[in-house]
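Listed here are the chains, written in short residue letters.
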Amino acid sequence: MARNQNQGKMSREEAGRMGGEATSKKHNKEFYQEIGKKGGQATANSHDKEFYQEIGKKGGDATAESHDKNFYRDIGRKGGRN
(Lines give C-alpha, C1' and ligand atoms only; values in the text may rest on other atoms or scores of the structure.)
Protein backbone atom coordinates (compact mmCIF):
# COMPACT_ATOMS: atom_id res chain seq x y z
CA MET A 1 0.00 0.00 0.00
CA ALA A 2 1.41 3.37 -0.99
CA ARG A 3 2.14 5.86 1.74
CA ASN A 4 1.39 9.53 1.33
CA GLN A 5 4.04 12.24 1.16
CA ASN A 6 3.66 13.11 4.87
CA GLN A 7 7.14 11.96 5.96
CA GLY A 8 6.25 8.32 5.32
CA LYS A 9 3.32 8.41 7.76
CA MET A 10 0.00 6.85 6.96
CA SER A 11 -2.87 9.20 6.14
CA ARG A 12 -6.11 9.10 8.07
CA GLU A 13 -7.80 7.67 4.97
CA GLU A 14 -5.23 4.88 4.67
CA ALA A 15 -5.48 4.06 8.38
CA GLY A 16 -9.27 3.97 8.19
CA ARG A 17 -9.24 1.72 5.17
CA MET A 18 -6.78 -0.68 6.78
CA GLY A 19 -8.78 -0.73 10.01
CA GLY A 20 -11.99 -1.41 8.12
CA GLU A 21 -10.39 -4.25 6.21
CA ALA A 22 -9.02 -5.79 9.41
CA THR A 23 -12.41 -5.49 11.09
CA SER A 24 -14.18 -7.12 8.15
CA LYS A 25 -11.81 -10.10 8.38
CA LYS A 26 -12.48 -10.54 12.11
CA HIS A 27 -16.27 -10.20 12.17
CA ASN A 28 -19.26 -11.80 10.48
CA LYS A 29 -22.61 -10.60 9.16
CA GLU A 30 -24.27 -10.79 12.59
CA PHE A 31 -21.68 -8.40 14.04
CA TYR A 32 -22.52 -5.77 11.43
CA GLN A 33 -26.25 -6.31 11.89
CA GLU A 34 -25.91 -5.79 15.64
CA ILE A 35 -23.85 -2.59 15.40
CA GLY A 36 -26.24 -1.30 12.73
CA LYS A 37 -29.18 -1.95 15.04
CA LYS A 38 -27.42 -0.18 17.92
CA GLY A 39 -26.57 2.78 15.72
CA GLY A 40 -30.10 3.01 14.40
CA GLN A 41 -31.51 2.94 17.92
CA ALA A 42 -29.09 5.63 19.08
CA THR A 43 -30.10 7.81 16.13
CA ALA A 44 -33.79 7.24 16.86
CA ASN A 45 -33.26 8.21 20.50
CA SER A 46 -31.49 11.45 19.63
CA HIS A 47 -33.60 12.71 16.71
CA ASP A 48 -37.22 13.65 16.25
CA LYS A 49 -39.83 13.17 13.53
CA GLU A 50 -38.70 16.29 11.67
CA PHE A 51 -35.17 14.88 11.30
CA TYR A 52 -36.50 11.79 9.55
CA GLN A 53 -38.82 13.87 7.38
CA GLU A 54 -35.90 16.03 6.30
CA ILE A 55 -33.57 13.16 5.42
CA GLY A 56 -36.42 11.36 3.66
CA LYS A 57 -37.09 14.43 1.53
CA LYS A 58 -33.40 14.81 0.71
CA GLY A 59 -33.21 11.16 -0.32
CA GLY A 60 -36.38 11.43 -2.38
CA ASP A 61 -35.12 14.56 -4.12
CA ALA A 62 -31.77 12.92 -4.90
CA THR A 63 -33.54 9.86 -6.31
CA ALA A 64 -35.86 12.03 -8.42
CA GLU A 65 -32.87 13.87 -9.90
CA SER A 66 -31.14 10.66 -10.94
CA HIS A 67 -34.09 8.59 -12.22
CA ASP A 68 -36.79 9.05 -14.83
CA LYS A 69 -40.51 8.20 -14.86
CA ASN A 70 -39.75 4.64 -16.04
CA PHE A 71 -37.88 3.97 -12.80
CA TYR A 72 -40.92 4.97 -10.74
CA ARG A 73 -43.25 2.99 -13.00
CA ASP A 74 -41.12 -0.12 -12.57
CA ILE A 75 -40.83 0.12 -8.79
CA GLY A 76 -44.54 0.88 -8.59
CA ARG A 77 -45.27 -2.37 -10.41
CA LYS A 78 -42.96 -4.27 -8.04
CA GLY A 79 -44.46 -2.68 -4.92
CA GLY A 80 -46.54 -4.80 -2.64
CA ARG A 81 -45.22 -8.10 -3.94
CA ASN A 82 -43.40 -10.35 -1.52
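Since this is a predicted model, take the numbers as computed values, not measurements.

Colleague: Pulling in residues and values, what's your account of the overall build of the protein chain?
Modeller: Across its full length, the protein chain carries four helices and zero strands. Along the protein chain, from the amino end to the carboxyl end, the secondary structure elements read α-α-α-α. The buried share among the 82 residues of the protein chain stands at 2%. Counting only carbon and sulfur atoms, one obtains 52% of the accessible surface of the protein chain, whose full area is about 7300 Å².

Colleague: Account for the pattern of salt bridges, naming residues and giving values.
Modeller: Summed over the entire model, instances satisfying the criterion amount to four salt bridges. Of the charged contacts in the structure, one is a salt bridge between Glu54 and Lys58, with a shortest N-O distance of 3.3 Å. Linking Glu54 with Lys58, this pair stays in helix H3 (residues 49–66), spanning four residues, or about one helical turn. Judged by its relative accessible area of 45%, Glu54 is partly exposed. Overall, the relative accessible area of 51% leaves Lys58 in the exposed class. Lys57 serves as the salt-bridge partner of Asp61, at 2.9 Å between the closest nitrogen and oxygen. Of this pair, Asp61 and Lys57 are both found in helix H3, four residues apart, which corresponds to roughly one turn of the helix.

Conventions and cut-offs
- Residues numbered from 1 in each chain as written.
- Predicted model: local features only at pLDDT ≥ 70, side-chain atom pairs only at ≥ 80, totals over all residues.
- Heavy atoms only, no water.
- Helix = DSSP H or I, 4+ residues; strand = E, 2+ residues; numbered from the N terminus.
- Buried < 20%, exposed > 50% of the residue type's maximum accessible area, 1.4 Å probe, protein only.
- Areas by Shrake-Rupley, 256 points an atom, 1.4 Å probe, with all protein chains shown as cover.
- Salt bridge = Lys/Arg side-chain N within 4 Å of Asp/Glu carboxyl O.

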